[in-house]
Every structure is written in C-alpha cells, then in structure tokens.
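A look at the structure
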Amino acid sequence: MNQPTPEQPADIVARLRATFRTGRTKPVEWRTAQLGRLREMLTEHGADLAAALHADLGKSATEAHRTEIGFVIREIDHTLDHLDDWLRPEPAPVPPHLGADATAWTQYDPLGVVLVIAPWNYPAQLLLAPVVGALASGNAVVVKPSEMAPATSAVLARLLPQFLDTEAFAVVEGGIPETTALLAERFDHIFYTGNGAVGRIVMRAAAEHLTPVTLELGGKSPAFVDRDADLSVVADRLARGKFLNAGQTCVAPDYVLTDPETAAALEPLFRKAVEAVYGSDASASGEYGRIVNERHFDRLSGLLDSGRVVVGGDTDRSTKYIAPTVLADVDPASPVMQEEIFGPILPIVTVPGLDEAIDFINDRDKPLALYVFAESQDTRNRIAAETSSGGLGHGLPLAHLTVSDLPFGGVGESGMGSYHGRYSIETFSHRKAVLDKPLA
C-alpha cells in the first residue's frame with residue numbers, strides 16, 4: 001500500500017493561516033477548550049510521555065512528572081484561572097484636547113500562525129509550555145519537536161492531533177531539513193528554545209519576513225557562594241539543582257564562584273550532598289538520568305580533566321552515564337569554562353572576593369540565570385544592581401522557573417523575550433491601541 005505523501009510546510013502554514021482568518025481561534029471558548037484538551041492529554045497519557053522521556057534521557061517517572069508533565073499541567077491551570085483577567089481590555093487616559101467623550105484602551109489581538117521549535121533536554125515541557133501561551137492567545141500553532149529526543153517526539157506527534165484542533169494545530173517531525181523548510185515560511189511569531197548558534201539561524205530566517213522571535217537560549221549560569229552562607233545547605237541545593245536531568249538543564253548552575261577558603265570547605269560537603277541525593281553509586285540510582293547521545297557524552301567526557309575531581313568522574317559510554325562530578329582548582333581558561341557545560345560537571349572557580357566575582361561575571365556573556373548564596377543583604381543587593389542576567393535566584397537554583405507569575409527568559413547571549421503566565425500572552429499577542437471618538 002502506498003503511504004500518503006506528508007503535508008509540506010508551505011501547505012501546513014497556508015491551511016492554518018486560512019483557519020485563523022476565519023476567526024475560529026479567537027473566541028475565548030475555543031482557547032480554553034484547547035487548553036482543557038491539552039490537559040486531558042497530559043493526564044490520560046502521562047505514562048506514555050514518561051516512558052518516552054525515560055527512553056530518550058533516562059528520566060525517572062518522578063522527574064518526568066515533576067519537571068515536564070506536571071509542570072505543563074500547572075501552567076495550563078494557572079492560565080485557565082487567570083485568562084479572562086489577562087485578556088480584559090485596559091483603559092488608557094485620554095488627553096483633554098480630544099474631548100471628554102473620547103475613550104481609549106489597549107486590547108490583546110492574536111498574532112496569527114506561530115511556530116514553536118523545541119529542544120531535546122526537556123522535550124515535552126519546552127514544547128508544550130509555549131504552546132499553552134500560544135493557544136491561550138488565540139493563535140494557530142505549528143510545533144517542531146526535537147529529533148534528538150525521538151521517543152518523545154513520536155509520542156507527541158501521535159497524541160497532539162488526537163486532542164487539539166487539527167485545523168489550527170500541526171506537528172512537524174524531523175531534523176535539520178524539516179526545520180529549514182519550516183523557517184522558509186512566513187510565520188507571525190517564532191519561538192525557539194536551544195543554543196545560540198541555531199538561534200542566529202532562526203533570526204536570519206525570521207528577518208526575511210520581518211517575523212518577531214523569542215529566543216530562549218542558555219549560557220554559563222554562575223552560582224556565587226559567599227563565605228557567610230550555610231555551606232551544608234548550599235552544597236545540597238546546588239547538587240540537586242545541578243544534577244537534575246544529568247545536568248542537561250538550561251538554568252542549571254554552570255559553575256561555582258567563591259573564595260579559596262570557602263571552596264575548600266565546600267568540597268567534602270559536595271561529596272555528602274551527592275551521596276544523599278543519588279547514593280554511593282549514582283549509576284544504580286533510579287533517579288539519575290543519562291546523557292542524551294554519544295556525541296554529547298564524548299564532548300562532556302573531554303571536559304573532565306579541566307580540574308581536580310572532588311566528586312564523581314566515572315563514565316560509561318555504553319550507557320551514556322557520567323557520574324555527578326565536581327571539579328576543583330579549575331582555571332578560568334580551562335576547556336570546561338569556555339562553553340556552557342550542559343551536563344553533570346560542576347567546576348569550582350575561585351576569586352579573592354565579591355568585587356572580583358562581580359567583575360568575573362560581567363566580563364562574560366550575560367547568563368540565563370545567576371544564583372547567589374549569601375546572608376549579607378549588601379552582597380545580595382550589589383550583585384542584583386551590578387550584574388545583568390535573565391533571572392536572579394537567591395538561595396535556590398532553578399526555582400524561579402517554576403513561578404508562573406515571573407517572566408522566564410534571557411538577556412543578550414542568553415536570549416530575548418520571555419514567557420510563562422501572562423507574559424506568554426504578551427509574547428504571543430499584539431497589544432493593540434484603540435481610540436474611540438464618537439461622530440456625534
């Protein structure tokens with residue numbers, strides 16, 4: 001039997017644009033129905049997604065539900081609870097010269113047809129969380145799951161058309177050729193999560209059509225540890241934040257920045273913290289993931305000799321396992337400090353004090369996140385005032401990402417634009433200015 005010819009990107013975009021022009025996606029009832037169906041998919045088929053995430057990344061079911069499936073469900077619930085308020089037109093004052101009968105307001109209009117391109121490290125969350133905002137804003141949506149997480153991509157491609165309005169929603173699987181073909185089309189917004197190299201490709205393609213973009217990128221997110229911090233708590237929280245998803249998290253602490261005495265005191269505490277979380281052998285822990293593929297495994301393995309191994313260092317290429325690893329005596333010029341690590345390796349870099357730490361951070365690209373562990377309010381205030389980062393977390397890594405009322409996004413090399421909660425509505429809508437002056 002002949003297989004049906006796959007629908008081409010140009011035809012998909014044209015079909016979805018035709019749907020959008022009918023007004024089908026604009027009523028709030030359509031938007032909330034789509035979000036409800038997406039929630040239904042996640043609750044009914046969470047086990048299928050969890051199994052796929054385990055196949056792709058070795059994620060435990062607990063981690064899959066907490067950081068991917070449950071994360072998106074919470075985003076849906078938060079959006080459904082507040083959508084009416086977010087969409088309500090906002091009055092604006094009118095200057096006296098226009099007359100007392102003139103009124104003005106702003107209202108959110110859907111953009112049209114939106115493209116969402118997802119990465120492989122959280123292949124469900126980072127595809128579906130932007131989709132929540134795009135649908136809630138009344139757009140038609142094309143999604144491109146990551147080919148580097150093939151099991152998750154296949155499950156999403158199978159399930160999403162069963163639950164969402166296929167006249168206004170499409171899934172395109174594939175790799176570079178399919179992504180390139182999609183980027184050649186005119187969209188009304190492109191939302192890309194991934195690395196800066198591909199982000200530049202996305203921007204160049206979008207420029208051909210003057211399409212606005214949101215780029216959620218990454219970078220080397222520092223964790224500054226002051227000498228007055230409770231180091232046992234610091235080591236525990238950094239270990240949990242860094243080694244989640246085997247370190248393959250865009251907002252994971254990339255390196256620790258502290259003074260030499262504090263660095264020495266942290267070393268035994270990191271050993272205790274890693275063992276407390278993953279046991280004496282993380283390879284036997286059901287809660288510890290694996291590296292996505294051999295290429296990334298080889299890249300990460302090549303970084304392990306950038307410093308003295310304090311914790312971990314073990315590898316197994318056959319299972320793509322790299323132990324939770326902490327490196328000390330790391331030179332800022334070493335290979336591990338030249339690029340975002342995106343794996344379970346945590347270097348400790350020493351500086352004399354706060355002034356030098358601020359200079360160290362500012363001498364590099366603006367990070368997606370910056371974490372500060374300090375009791376001194378003056379220290380906290382100085383870092384907040386004297387550095388720039390996508391997000392700033394005091395005392396706990398990653399957590400700001402889970403607050404739906406906070407915007408999530410980068411700055412400079414770590415990205416542009418933001419989303420989550422009402423910030424997704426702002427991203428996927430046009431805030432239109434309206435003036436009404438009666439004719440009589």
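As shown above, the structure is provided for reference.
It should be emphasised that the depicted structure is a prediction, and the values quoted were computed from it without experimental measurement. (Residues numbered from 1 in each chain as written. Predicted model: local features only at pLDDT ≥ 70, side-chain atom pairs only at ≥ 80, totals over all residues. Heavy atoms only, no water.)

1. Section: the overall build of the chain
When you go through the chain residue by residue, the secondary structure sums to 14 helices and 18 strands. The C-alpha radius of gyration of the chain comes to 23 Å, within 12% of the 22 Å expected for a compact globule of 440 residues. By principal-axis analysis of the C-alpha atoms, the chain measures approximately 75 × 70 × 35 Å. Buried residues in the chain amount to 54% of all 440 residues. Contacts in the chain between residues far apart in sequence, at least 24 positions, make up 72% of those at least 6 positions apart. For the chain, the computed accessible surface area is about 18400 Å², with 53% contributed by carbon and sulfur atoms. Averaged over its 38 positive side-chain charges, the chain has a centre that lies 4 Å from the centre of its 58 negative ones. (Helix = DSSP H or I, 4+ residues; strand = E, 2+ residues; numbered from the N terminus. Rg over C-alpha atoms; globule rule 2.2 N^0.38 Å. Buried < 20%, exposed > 50% of the residue type's maximum accessible area, 1.4 Å probe, protein only. Contact = heavy atoms within 4.5 Å. Areas by Shrake-Rupley, 256 points an atom, 1.4 Å probe, with all protein chains shown as cover. Lys, Arg positive; Asp, Glu negative; His and termini not counted. Charge placed at Lys NZ, Arg CZ, Asp CG, Glu CD.)

2. Some details on the packing of aromatic side chains
Each aromatic ring pair is summarised here by two numbers: the centre-to-centre distance and the angle between the ring planes. This structure, assessed with the given rule, holds seven aromatic pairs. Ring geometry for Y288 and Y321: centres 5.9 Å apart, planes at 80°, overall edge-to-face. Highlighted residues: Y288 in the loop between α10 (260–278) and α11 (294–301) and Y321 in strand β12 (residues 321–322), separated in sequence by 33 residues. With respect to burial, Y288 and Y321 carry one shared label: buried. One aromatic cluster is present, formed by F191, F408, Y419 and F428 through successive ring pairs. Geometry around F360 places R364 over its ring, the cationic atom sitting 3.5 Å from the centre. (Phe/Tyr/Trp six-rings, centres within 6.5 Å; stacked < 30°, edge-to-face > 60°. Lys NZ or Arg CZ within 6 Å of the ring centre and 35° of its normal.)

3. A closer look at unusual backbone geometry
Excluding glycine, a negative phi dihedral is what most residues carry, and trans is how most peptide bonds are arranged. You will see that A246, though not glycine, has its phi angle at about 50°, which is positive. Tracing the backbone through its elements, the reader meets A246 in the loop between α9 (231–243) and β9 (255–258). For A246, a relative accessible area of 0% puts it in the buried group. One non-glycine residue, D329, adopts positive backbone phi at about 55°. Among the residues examined, D329 registers a relative accessible area of 58% and is labelled exposed.

4. Some words on the layout of surface pockets
Computed from the structure, the largest pocket encloses a volume of approximately 1200 Å³. What lines the largest pocket is a set of 48 residues, and nearest its centre among them are Y192, G194, N195, G196 and V198. Elements with a minimum of two residues in the lining of the largest pocket: α7 (176–183), β6 (189–193), α8 (196–207) and α11. Considered as a void within the structure, the second largest pocket measures approximately 520 Å³ in volume. Residue lining of the second largest pocket: 25 residues in total, with R66, T67, R240, L244 and L398 positioned closest to the centre. Those elements that place two or more of their residues in the lining of the second largest pocket are α4 (61–87), α5 (125–136), α9 and α10. With six residues, the top contributor of residues to the lining of the second largest pocket is α4. Considering only residue class, the lining of the second largest pocket consists of 13 nonpolar, six polar and six charged. (1 Å grid on protein atoms, 1.4 Å probe; cavity = no way out; pocket = protein on both sides within 12 Å on 5 of 7 lines; lining within 4 Å. Points joined across faces, edges and corners; volume = space filled by probe spheres on them. Nonpolar A, V, L, I, M, F, W, Y, C, P; charged D, E, K, R; others polar.)

5. Description of the pattern of salt bridges
A side chain of one charge can pair with a side chain of the opposite charge if their charged atoms are brought near each other. The tally for this structure, following the rule as stated, stands at 23 salt bridges. A salt bridge links R200 to E413; the nearest nitrogen and oxygen atoms lie 2.8 Å apart. Here R200, found in helix α8, pairs with E413, found in the loop between β16 (391–394) and β17 (415–416); they are 213 residues apart in sequence, far enough to count as distant. Take R200: its relative accessible area is 41%, and that puts it in the partly exposed class. Residue E413 is classed as partly exposed on the basis of its relative accessible area, which comes to 37%. A salt bridge links R240 to D236; the nearest nitrogen and oxygen atoms lie 3.1 Å apart. Placement of both R240 and D236 in helix α9 is noted, with a separation of four residues, approximately one turn of the helix. The class of R240 is partly exposed, set by a relative accessible area of 44%. Overlapping salt bridges bring together R17, R186 and D188 as one network. (Salt bridge = Lys/Arg side-chain N within 4 Å of Asp/Glu carboxyl O.)

6. Things to note about the side chain of R31
Positionally, R31 belongs in helix α2 (residues 28–44). Within the buried core, R31 has no salt-bridge partner, and the shortest N-O distance to an opposite charge, that of D109, equals 7.1 Å. Not counting residues up to four positions away in its chain, the partners in contact with R31 are T25, K26, L87, P110, L135, A136, S137 and G138.

7. Examining the side chain of N293
Tracing the chain through its elements places N293 in the loop between α10 and α11. Among the polar contacts listed, one links the side chain of N293 to the backbone nitrogen of R295, at a separation of 3.3 Å. Among residues more than four places away in sequence, those in contact with N293 are M148 and K320. (Polar contact = N/O pair within 3.5 Å; in protein donor to acceptor, adjacent residues only side chain to side chain.)

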